[in-house]
Amino acid sequence: METKIFRLNEYINSGSLSEEDIEKLKQAGEILKKGGLVAFPTETVYGLGGNALLKDASKDIYAAKGRPSDNPLIVHISDMDELPQLVESVPEMAVKLAVKFWPGPLTMVMKKSDIVPYETTGGLDTVAIRMPEHKVANMLIKLSEVPVAAPSANISGRPSPTSAEHCIEDLSGRIEAIVDGGASAIGVESTIVDLSGEVPVLLRPGAITVEMLKECLQREVMLDPALEKPLDKNIRPKAPGMKYRHYAPKAPMIIIQSEYSSGDSETDNMSEADKKFEFDEGLKKITECAIRNIEEKCAEGLKLGIICSDETMDIYMHEINDQSGKLHSYRDKLEIMSAGQRANEITIAHNLFAVLREMDERAVDFIVAEGFSQKKLGYAIMNRMKKAAGQHVINV
Ligand code: AMP
Ligand code: MG
């Protein structure tokens, strides 16, 4: 099938939807309503949408992505009015969280109602629901007049798509249409919290942090055990997606992590000078260890990808470009990219998947990546990075 590209020119230029943009969204909405598949931008990543109430549309989503069909889909709505019909009942906690964080990058798992087919929920009695904030996503869902099931619009296992180009790479010819609304702002997938039991459980970290959830609910939020350790193949995890290798570049990857790498120390009573010292020491340990690992792999004849940060780029460039540098003799075998600024984590979230995809493009054999802060948004970033690295982390 030929995939239509609906490029929203005015929206990409100015952030407002023109008549022409809306006309394109009407056509895309019509495709969704009839059971076809459309990839579209959201503030987290691009979604691959289908009518959530049609079991065949959900089956087609799994087929287009090559995704195992026990990995449930998130159902997207555009208005609070659409929620009650999809769930058995709306838990009080869901109301509190929706008031505070919807529309936005938060997905809530609740007991499903009968109208949601098991094909959409991967066989589960619960359904995951999100109301995206992105203007295009919101308008498209409204115009389709149905709840829209949408996992990330990538081939299963590849890094999530944060631009229409990424969707075209993965899904062109496999779906009816792709809506191009420019790059996704946040860049990592939504936070998922399970509200189907007594205790709220964080299933996937995202831009809405666990601290924000606790503050809003005024109670503890448990971390799903699968977040903290790699899963045993025999366990059926609560968020079934977690058992699959995810977000992964083609090349094997290791992460070099230091507990001091965040720059925002736990101990708030530390002086600024001490914090800076700790931060610099952490970065020194990371870059030294990374350079040792890079040298070792290059000596084996491999082409290496280095994922670093704006703060450390110069250190590698010096080792590469200086005649006496440790990496100088391997300079033709190195691909170096910064994921963003440690001091501004949102830049790292925004770039991460594009950098992982670019490493595939550059056909590296092995990736050495710096680790980032594990706090706040950093927790979500490191969750994705560890999955990409198959949990291979060296602590220094
Ligand atoms: P993606 O759409 O690719 O961001 O993946 C959606 C994620 O949401 C998957 O990893 C699922 O495991 C999770 N998810 C969706 N529905 C449920 C549910 N009913 N219970 C638990 N996790 C869910
Ligand atoms: Mg995904």
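In case you missed it, the structure is sitting above this.
None of the values given here were measured: they were computed from a predicted structure.

Undergrad: How do you make sense of helix H12 (residues 345-361) when you look at a structure like this?
TA: The end-to-end C-alpha distance of H12 is 24 Å, a good match for the 24 Å that 17 residues give at a rise of 1.5 Å each. Along its length, H12 shows its largest kink, about 40 degrees, at Asn-351. Within H12, the full set of buried residues consists of Ile-348, Ala-349, Leu-352, Phe-353, Val-355, Leu-356, Arg-357, Met-359 and Asp-360. Taken together, the buried residues of H12 touch helix H7 (164-171), strand E12 (253-257), strand E13 (304-308), strand E14 (334-338), strand E15 (366-370) and helix H13 (377-388).

Undergrad: Quick question: what am I supposed to make of the packing of H12 against H13 here?
TA: Close contact between H12 and H13 brings their axes to 9 Å; oriented N to C, the two are set at 15 degrees. Considering their axes alone, H12 and H13 lie roughly parallel with respect to each other. For the pair H12 and H13, the sense of crossing is left-handed. Here Glu-345, Ile-346, Ile-348, Ala-349, Leu-352, Phe-353 and Leu-356 of H12 lie close against H13, whose contacting residues are Leu-377, Gly-378, Ile-381, Arg-384, Met-385 and Ala-388.

Undergrad: Looking at this structure, how should I read the pattern of salt bridges?
TA: Should their charged atoms come close, side chains of opposite charge can pair. For the coordinates displayed, the defined rule picks out 18 salt bridges. With a shortest N-O distance of 3.7 Å, Arg-7 and Asp-180 are connected by a salt bridge. Placement of the pair is Arg-7 in strand E1 (residues 4-7) and Asp-180 in strand E8 (residues 177-180), with a sequence separation of 173 residues. In this structure, the salt-bridge partner of Glu-20 is Lys-24, at a minimum N-O distance of 3.6 Å. Of this pair, Glu-20 and Lys-24 both sit in helix H2 (residues 19-33), separated by four residues, roughly a single helical turn.

Undergrad: Any chance you could explain the nonpolar core here in plain terms?
TA: Counting residues in each nonpolar core, the largest one holds 45 residues, and the members touching the most others are Leu-97, Trp-102, Leu-106, Met-108, Ile-129 and Leu-213. Sorting the residues of this core by element identifies helix H3 (55-65), helix H4 (92-101), strand E5 (106-111), strand E6 (126-130), H7 and helix H8 (210-217) as the ones contributing at least two each. The dominant element in this core, judged by the number of residues it contributes, is H4, at five residues. For Leu-213, the residues in contact, after removing those within four places along its chain, are Leu-97, Phe-101, Leu-106, Thr-191, Val-193, Leu-202, Ile-208 and Val-221. By size, the runner-up hydrophobic cluster in this structure holds 28 residues, among which are Ile-186, Ile-255, Val-364 and Ile-381.

Undergrad: Is there a simple way to explain the sheet that holds E13 in this structure?
TA: Backbone hydrogen bonds hold the strands of a sheet together, and the pairing may be parallel or antiparallel. If you trace the five strands from one edge of the open sheet to the other, you get E14-E13-E15-E12-E16, paired in parallel fashion. The sheet is open, and its two borders are formed by E14 and strand E16 (393-395), each paired with just one other strand. Shown here is a sheet whose adjacent strand axes are inclined to one another by a mean of 20 degrees, direction ignored. For E12 and E16, the ladder comprises three bridges, and the chain directions are parallel. In the strand pairing of E16, Ile-255 is matched with Val-393. Together, E13, E14 and E15 form the strand contacts of helix H11 (residues 313-321), whose direction differs from that of E14 by roughly 160 degrees.

Undergrad: Can you walk me through the state of the cysteines in this structure?
TA: The bond known as a disulfide is covalent and runs between the sulfur atoms of two cysteines. Under the counting rule described, the total for this entry stands at zero disulfides. Take Cys-298: it sits in no disulfide, and the sulfur closest to it among the cysteines is that of Cys-308, at 14 Å. Judged by its relative accessible area of 5%, Cys-298 falls in the buried class.

Undergrad: Could you clarify how one ought to interpret H2 in this entry?
TA: Each full turn of the α-helix corresponds to 3.6 residues, which orients residues three or four apart in the same direction. Taking 1.5 Å as the rise per residue, H2 with 15 residues should run 21 Å; its terminal C-alpha atoms sit 21 Å apart, in good agreement. All of the buried residues in H2 are Asp-21, Lys-24, Leu-25, Ala-28, Gly-29, Ile-31 and Leu-32. One face of H2 carries all of its buried residues, which in axial projection span an arc of 155 degrees. Exposed residues lying more than 90 degrees from the buried face of H2 are Glu-19 and Glu-20.

Undergrad: Which parts of the structure should I look at to understand the pairing of E12?
TA: A regular strand carries its side chains on alternate faces of the sheet. Counting buried positions over the five residues of E12 gives five, a clear majority of the element. Side chains Met-253, Ile-255 and Gln-257 project from E12 onto one buried face, and the interleaved Ile-254 and Ile-256 project onto a second face that is buried too. With four bridges joining them, E12 and E15 adopt parallel strand pairing. Bridging from a neighbouring strand, Ile-255 pairs with Ala-369 of E15.

Undergrad: What should I look at first to understand the packing of H2 against helix H6 (residues 135-144) in this one?
TA: What describes two packed helices is the angle between their axes and the distance between those same axes. Packing of H2 against H6 leaves a shortest axis separation of 8 Å and a crossing angle of 55 degrees. What the angle tells us is that H2 and H6 run oblique. The two elements H2 and H6 cross, and the hand of that crossing is right-handed. Where H2 abuts H6, its residues Ile-22, Leu-25, Lys-26, Ala-28, Gly-29, Leu-32 and Lys-33 lie against Val-136, Met-139, Leu-140, Leu-143 and Ser-144.

Undergrad: It is not clear to me how the packing of aromatic side chains should be interpreted in this structure. Could you clarify?
TA: Aromatic ring pairs: the centre-centre distance and the angle between the two ring planes describe each pair. Tallied over the entire structure, the rule returns zero aromatic pairs. Over the ring of Phe-366 we find Lys-297; its NZ or CZ atom is 4.5 Å from the centre of that ring.

Undergrad: It is not clear to me how the environment of Glu-370 should be interpreted in this structure. Could you clarify?
TA: Looking at the secondary structure, you find Glu-370 in strand E15. Given a relative accessible area of 1%, Glu-370 falls into the buried group. The spatial distance from the C-alpha of Glu-370 to the C-alpha of Phe-277 is 19 Å, given a sequence separation of 93 residues. Glu-370 has contacts with Ile-255, Ile-256, Ile-286, Thr-287, Ile-307, Cys-308, Ser-309, Thr-312, Tyr-316, Arg-342 and Met-385, leaving out every residue within four places of it along the chain. Reaching out from Glu-370, the side chain makes a polar contact with the side chain of Ser-309 at a distance of 3.0 Å. A polar atom in the side chain of Glu-370 sits 2.6 Å from the side chain of Tyr-316.

Cut-offs used in this document
- Residues numbered from 1 in each chain as written.
- Chains lettered and ligands numbered in written order.
- Predicted model: local features only at pLDDT ≥ 70, side-chain atom pairs only at ≥ 80, totals over all residues.
- Heavy atoms only, no water.
- Helix = DSSP H or I, 4+ residues; strand = E, 2+ residues; numbered from the N terminus.
- Expected span 1.5 Å × (residues − 1).
- Bend = angle between axes of the 7 residues up to and from the residue.
- Buried < 20%, exposed > 50% of the residue type's maximum accessible area, 1.4 Å probe, protein only.
- Contact = heavy atoms within 4.5 Å.
- Axes fitted to C-alpha atoms, helices over the stretch in contact; angles between N-to-C directions.
- Parallel < 35°, antiparallel > 145°, perpendicular 65-115°, else oblique.
- Left-handed = near helix turned anticlockwise from the far one by under 90°.
- Salt bridge = Lys/Arg side-chain N within 4 Å of Asp/Glu carboxyl O.
- Core = buried A, V, L, I, M, F, W, Y, C linked by side-chain atoms within 4.5 Å.
- Pairing = 2+ DSSP bridges.
- Disulfide = S-S within 2.5 Å.
- Arc of directions from axis to C-beta.
- Phe/Tyr/Trp six-rings, centres within 6.5 Å; stacked < 30°, edge-to-face > 60°.
- Lys NZ or Arg CZ within 6 Å of the ring centre and 35° of its normal.
- Polar contact = N/O pair within 3.5 Å; in protein donor to acceptor, adjacent residues only side chain to side chain.

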